[in-house]
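Coordinate inspection notes
Spelled out, the chains give:
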Amino acid sequence: MDARSSALALSERSALNAYDTGILMNKAELTIALKRFLPDCAVISEQEALRAYECDGLPAYRKMPLVAVLPQTVEQLQQVVQLCHQQAVPVVARGAATGLSGGALPLENGLLLGLSRFNKILNINPLARTARVQPGVRNLAISEAAAKYGLYYAPDPSSQIACTIGGNVAENSGGVHCLKYGLTVHNVLELKVITPQGELLTIGSAALDSAGYDILALMNGSEGMLGIVVEILVKLLPRPERAQVLLAAFDDVEKAADSVGEIIAAGIIPAGLEMMDALAIQAAEDFVHAGYPRDANAILLCEVDGTNEEVSEHSKKIYDLLLSCGATEVRTARDEAERLRFWQGRKSAFPAVGRMSPDYYCMDGTVPRKKLAQVLTRISQLSEHYQLPVANVFHAGDGNLHPLILYDANQPGELQRAEDFGAEILELSVQVGGTITGEHGVGHEKIHQMCVQFSEPELEQFRALKRAFDPHSLLNPGKAIPQPRSCSEYKLIGSCNHDTSGHQHREHE
Amino acid sequence: MSDHSIALQQRVQEALQQKQALTIQGSGSKNFLGGLIDHNLTPLPVIKHCGVVNYEPKELVITARAGTSLTAIQSLLAEQHQMLAFEPPAFSEQATLGGTIACGLSGPRRPYTGSARDFVLGSKIINGQAEILHFGGEVMKNVAGYDVSRLMVGAMGTLGLILELSLKVLPQPEQEISLTLECPVNEAIEQMNKWSATPLPISAACYDGANLYIRLSGAATAVSAGSKRIGGDIIADCKAFWYNVRELQHGFFNTDKFLWRLSLPSDTPYIELPGKQFIDWGGAQRWYIADTDNKQNLYSSIAQQGGQLSLFRASGDNSARNSFLTHNDAFHPLSTALLALHKQLKHAFDPQGIFNPGRLYREL
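Summary of the structure given here. (Residues numbered from 1 in each chain as written. Chains lettered and ligands numbered in written order. Predicted model: local features only at pLDDT ≥ 70, side-chain atom pairs only at ≥ 80, totals over all residues. Heavy atoms only, no water.)

**A short note on the overall build of chain B**
Regarding its fold elements, chain B presents 11 helices and 17 strands. Taking 364 residues into account, the globule formula puts the C-alpha radius of gyration at 21 Å, and chain B, at 21 Å, falls close to it. Projected onto its principal axes, the C-alpha positions of chain B cover 65 × 50 × 35 Å. Every one of the 364 residues in chain B was classed for burial, and the buried ones make up 62%. Summarising the internal contacts of chain B: among those between residues at least 6 apart in sequence, 69% fall at separations of at least 24. Accessible area for chain B stands at about 13400 Å²; split by element, carbon and sulfur atoms hold 49% of it. The distance from the centre of the 30 positive side-chain charges to the centre of the 32 negative ones in chain B is 3 Å. (Helix = DSSP H or I, 4+ residues; strand = E, 2+ residues; numbered from the N terminus. Rg over C-alpha atoms; globule rule 2.2 N^0.38 Å. Buried < 20%, exposed > 50% of the residue type's maximum accessible area, 1.4 Å probe, protein only. Contact = heavy atoms within 4.5 Å. Areas by Shrake-Rupley, 256 points an atom, 1.4 Å probe, with all protein chains shown as cover. Lys, Arg positive; Asp, Glu negative; His and termini not counted. Charge placed at Lys NZ, Arg CZ, Asp CG, Glu CD.)

**What about the packing of aromatic side chains?**
Residue and element names in this part refer to chain B. Inspection of every chain in the model, using the stated rule, returns 21 aromatic pairs over all chains. Relative to W242, the ring of F241 lies with its centre 5.0 Å away and its plane at 90°, an arrangement referred to as edge-to-face. Seen in terms of ring centroids, F258 and F324 are 5.8 Å apart; in terms of plane orientation they differ by 80°. Their pairing is edge-to-face. Placement of F258 in strand β14 (residues 258-263) and of F324 in helix α10 (residues 318-327) is noted, with a sequence separation of 66 residues between them. For F258, a relative accessible area of 3% gives the class buried. Accessibility expressed as a relative area gives 3% for F324, which makes it buried. Here the aromatic residues F32, F91, F252, F253, F278, W287 and F312 are joined through ring pairs into a cluster of three or more. Of note, R110 hangs over the ring of W281, and the distance from its end group to the ring centre comes to 5.7 Å. Between the NZ or CZ atom of K276 and the centre of the ring of F252, over which it lies, the distance is 4.7 Å. (Phe/Tyr/Trp six-rings, centres within 6.5 Å; stacked < 30°, edge-to-face > 60°. Lys NZ or Arg CZ within 6 Å of the ring centre and 35° of its normal.)

**Describing the sheet that holds strand β12 (residues 242-250) of chain A**
The pairing of strands in a sheet comes from backbone hydrogen bonds and takes either a parallel or an antiparallel form. Residues and elements named next belong to chain A. Spatially, 7 strands are ordered β15-β12-β14-β13-β17-β18-β16 in an open sheet, and the strand pairing comes out antiparallel. Single-partner strands in this sheet number two, and they are β15 (329-332) and β16 (359-362). Along the sheet, successive strands turn relative to each other by an average axial angle of 15°, direction set aside. Where β16 meets strand β18 (residues 400-407), 4 bridges bridge the pair, whose relative direction is antiparallel. The partner of Y361 across the bridge, within β18, is I405. Together, β17 (390-395) and β18 form the strand contacts of helix α15 (residues 372-386), whose direction differs from that of β17 by roughly 160°. This element, helix α16 (residues 414-431), spans β16, β17 and β18 of the sheet and lies at about 165° to β18. (Pairing = 2+ DSSP bridges. Axes fitted to C-alpha atoms, helices over the stretch in contact; angles between N-to-C directions.)

**Focus: the packing of helix α18 (residues 456-469) of chain A against helix α11 (residues 336-349) of chain B**
Put simply, α18(A) and α11(B) touch, their axes get as near as 8 Å, and they point 160° apart. In terms of orientation, α18(A) and α11(B) fall into the roughly antiparallel class. Regarding α18(A) and α11(B), the two cross each other, and that crossing is right-handed. Listed contacts from α11(B) to Q461(A), A464(A), L465(A), A468(A) and F469(A) of α18(A) are L341(B), Q344(B), L345(B), A348(B) and F349(B). Among the residues making up the contact of α18(A) with α11(B), the classes are represented as 8 nonpolar, 2 polar and no charged. (Parallel < 35°, antiparallel > 145°, perpendicular 65-115°, else oblique. Left-handed = near helix turned anticlockwise from the far one by under 90°. Nonpolar A, V, L, I, M, F, W, Y, C, P; charged D, E, K, R; others polar.)

**Considerations on the interface of chain A and chain B**
On the side of chain B, 74 residues touch chain A, which itself brings 84 residues to the contact. When the two sides are added together, the surface that chain A and chain B hide from each other amounts to roughly 6300 Å², 60% of it contributed by carbon and sulfur. At the boundary of chain A and chain B, one finds 8 salt bridges. Here K141(B) makes a salt bridge to D398(A), at a shortest N to O gap of 3.9 Å. Linking chain A to chain B there are 31 residue pairs in polar contact (both at pLDDT 80 or more). Broken down by secondary-structure element, the contributors of at least two residues to the side of chain A that touches chain B are α8 (178-181), β9 (200-204), α9 (215-219), α10 (253-265), α12 (308-324), α17 (450-453) and α18 of chain A. The biggest single contributor to the side of chain A that touches chain B is α18(A), with 9 residues. Across the side of chain A that touches chain B, the residue classes tally to 39 nonpolar, 26 polar and 19 charged. (Buried area = accessible area lost by both parts, 1.4 Å probe. Salt bridge = Lys/Arg side-chain N within 4 Å of Asp/Glu carboxyl O. Polar contact = N/O pair within 3.5 Å; in protein donor to acceptor, adjacent residues only side chain to side chain.)

**Some thoughts on the environment of A423(A)**
Residues and elements named next belong to chain A. Within the element layout of this structure, A423 appears in helix α16. Using a relative accessible area of 5% as the deciding quantity, one classes A423 as buried. For the pair A423 and Q449, spaced 26 residues apart in sequence, the C-alpha separation works out to 7.4 Å.

**Some words on helix α3 (residues 27-35) of chain A**
Along α3(A), the residues that are buried comprise E29(A), L30(A), T31(A), A33(A) and L34(A). Two or three places before A28(A), at the opening of α3(A), N26(A) has a side-chain oxygen 3.1 Å from that residue's backbone nitrogen.

**Considerations on the state of the cysteines**
Within the structure shown, the criterion is met by 1 disulfide over all chains. Between C451(A) and C487(A) runs a disulfide, and the two sulfur atoms are separated by 2.0 Å. Across the S-S bond of C451(A) and C487(A) the torsion is about -90°, and the bridge reads as left-handed. A residue pair is termed long-range when its members are at least 10 positions apart, and C451(A) in helix α17 and C487(A) in helix α19 (residues 484-493) qualify at 36 residues. Each member of the pair, C451(A) as well as C487(A), carries the same accessibility label: buried. With no disulfide of its own, C206(B) lies 11 Å from the sulfur of C238(B), the closest cysteine sulfur. (Disulfide = S-S within 2.5 Å.)

**Things to note about the pattern of salt bridges**
Inspection of every chain in the model, using the stated rule, returns 42 salt bridges over all chains. For E363(B), the salt bridge identified is with K343(B), shortest N-O distance 3.1 Å. Residue E363(B) is found in the segment after α11, and its partner K343(B) is found in helix α11; the two are separated by 20 residues along the sequence. Taking relative accessible area as the criterion, K343(B) reaches 39% and is therefore assigned partly exposed. Members of the salt-bridge network, linked through shared partners, are R132(A), E190(A), K192(A) and E231(A).

**Thoughts on α10(B)**
All names here are of chain B. What α10 keeps buried is the set R321, F324 and L325. Each buried residue of α10 sits inside an arc of 90° when the element is viewed along its axis, so together they form one side. For α10, the secondary structure elements touched by its buried residues are β14, α9 (299-304) and β17 (308-314). (Arc of directions from axis to C-beta.)

**Re unusual backbone geometry**
Residues and elements named next belong to chain A. Here the phi dihedral of N172 falls at roughly 50°; this positive angle occurs in a residue that is not glycine. Relative to the assigned elements, N172 resides in the loop between α7 (165-171) and α8. The residue S473 is not glycine, and still its phi comes out positive at about 50°. Tracing the backbone shows S473 in the loop between α18 and α19. Its relative accessible area of 34% is what places S473 among the partly exposed residues.

**Here's the deal with the nonpolar core**
Ranked by size, the top nonpolar core spans 193 residues in total, and within it L322(A), L465(A), F469(A), I101(B) and L345(B) carry the most contacts. Take this core: its biggest share by element is 7 residues, from α16(A). Ignoring anything within four residues of it in the chain, the contact list for L465(A) reads L218(A), L226(A), Y146(B), V148(B), L151(B), L345(B), A348(B) and F349(B). Counting residues in hydrophobic clusters, the runner-up holds 28 residues, among them M276(A), I281(A), V353(A) and L404(A). (Core = buried A, V, L, I, M, F, W, Y, C linked by side-chain atoms within 4.5 Å.)

**Focus: the side chain of T435(A)**
Residue and element names in this part refer to chain A. Positionally, T435 belongs in the loop between α16 and α17. A polar contact of 3.4 Å, which involves the side chain of T435, links it to the backbone nitrogen of T437. One polar contact links T435 to Q453, side chain to side chain, over a distance of 3.2 Å.

Geometry only, nothing functional implied.
Shown next as structure tokens:
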């Protein structure tokens, strides 16, 4: 269809709702309709240019969207959503696409809504300790801008240099410091959201609570399925006076895991509590020379922060505790440079492991901490069974595991084995009372395992909730919540036979 | 100490079949809150469904049935030097966990450690189709599925019956000191905000109309260093003072008039209103006793300042409260769009409208 006749066809049915007519716009028609209110440069429809949007931080899954748009104003955004609503075009929103579960994977019949141009910090209120930002602002940029007031934004996912705050809200992102400072949901006060119908809605407020249901809590972690976030008011915290890191080496992973419980039982909530196993230690040491003891079977990094006095008191207590828990060695960072070096090993663990293997697959289950030893033993058995090495990195304070399964996609069958191995780890997490995803989200990747974690009536409750916001399933359809048919198929086939649609190196956390 | 889930489920099932709406009953300690309870509805008592299901001090999590008393939970936690860090007001020795979470109330520590909903990790509920559903869990981080557990907090039982809750708990601070200083109201508001923006270990801050009160909590050395920086006089009975603030038993609350609650951005300057105010939550929660009972004219101006206004308690004449609530909601009116979304959410959980009709809003 040429442009003129498309435009004609379009105007003929512009007043009609696609749900009633059942006639959907084709790509050319949609492009023309979008260009009516968006500048040409904000509408991307050529295959080559669209390639940039085919995946997020989980490039094993790729799809080309029908069209991608990069609006610059809230009004434009609203018009895009209104048009899509009217024409029944599904919408997938995208921030920096650092997500690790394929949450921003485009739909072939859908529009990809890029929010990268909403990159302004609108206001910082140092007295009320809040920052009003647009969704495309990078996580770390908020703390950088707040630094001059002695404030910062607490949730710090490992991708914080690149990931956007809008994406953080969609995934309810965590990070290294969330045992003490909470997840995104604990640090967001207000959202401006465009509903699937294209209305602008304010959820939450600059006050600490709002009237009615806690829709704000619901929006966090809803994976772009309930609304498009266009403005965020976040809470800022005073930067602690001091932070100190202790590094403890153990000859046994179980002892390391137990010592975490002992620290907490002593009444201390560390700001960060991270654990690495032997393979992860080797990888990190080879890569950044953080000074980790190479002969250890596990190391624990424990950061305490707060006032000067508190940090001194707690560091001393933790030092003694770690030794009494069987640590073979405990080091306290002598200065800021050493503290940063200790952390650098942990923060670069993923790329460090990446150097050891052509590909790796990062998992994200959370388990009760007391089950850690049991889960690790099982993971190492599975590693033998699948003949694939695994390096373990955890947020030990909150039981969030990131096993990294090493494989080579060029070896026939290895990707399949890696995915089956991963699926077993997730199902194991559910079995021991945990969850399939601590912070990366369900997205496209873990949709089958949702059927393991939730019963059909629970999934149906999720679907009913989704319909309350989005009756036509316009926003990110097919993600996060499985359809009934897909669950029965999954259970029929069995948990160890997964879809494999590609492979890639997965580099972000 | 027993599990009545199945019996409760049957009650809900019967109510559905007979098209009866239900009034969920805990201890009744917060019956004063929210919309009027229709006494013609069938009561659904939950208090027998009680007992701690699991408590793991090292995991920082407790799971208990909805009818468990808050007192029982708090004394169990105290044995391990832990606490519910949102410092929930109870309003009665019998107050239940389920009611506390359904009402979503938090005490003086709220601005510094978080609210009731912030500490909810998981829940087991009965929805309006008499299904027992489980959301979230006992782990700190869990992003599988929508956060239904937190949605239950403050929903006043209108979305379902809470059967069981898992909450994150925290260690009790090693030491607490409270300080008081005399100052004018706007200076107090500014000072509370300024201190909150520093790394001082503040755990509560309020203003009673003449004096500012600050509580510091944490390691003994940190608390003592912090109190030197703040200055002022040390309050002798720190625990009793904050207990009275939390339970609304401070002298300020001794009134037979309506008690209104203003939730505002913490740095909002003092709002001149006829009557008297008590400022808590470092400026973010303001209790207001007005000279006259009808304050509906304030809704829009409070909303413009980013806040909300609700009728919290009417201790004196019941008929005044009944008459107010017959024509108004206790909570701040919702915009048309938000109310529509609320109705759809209510429908998603409770399609036949059997749970606590009118308790949150008359239209839900």
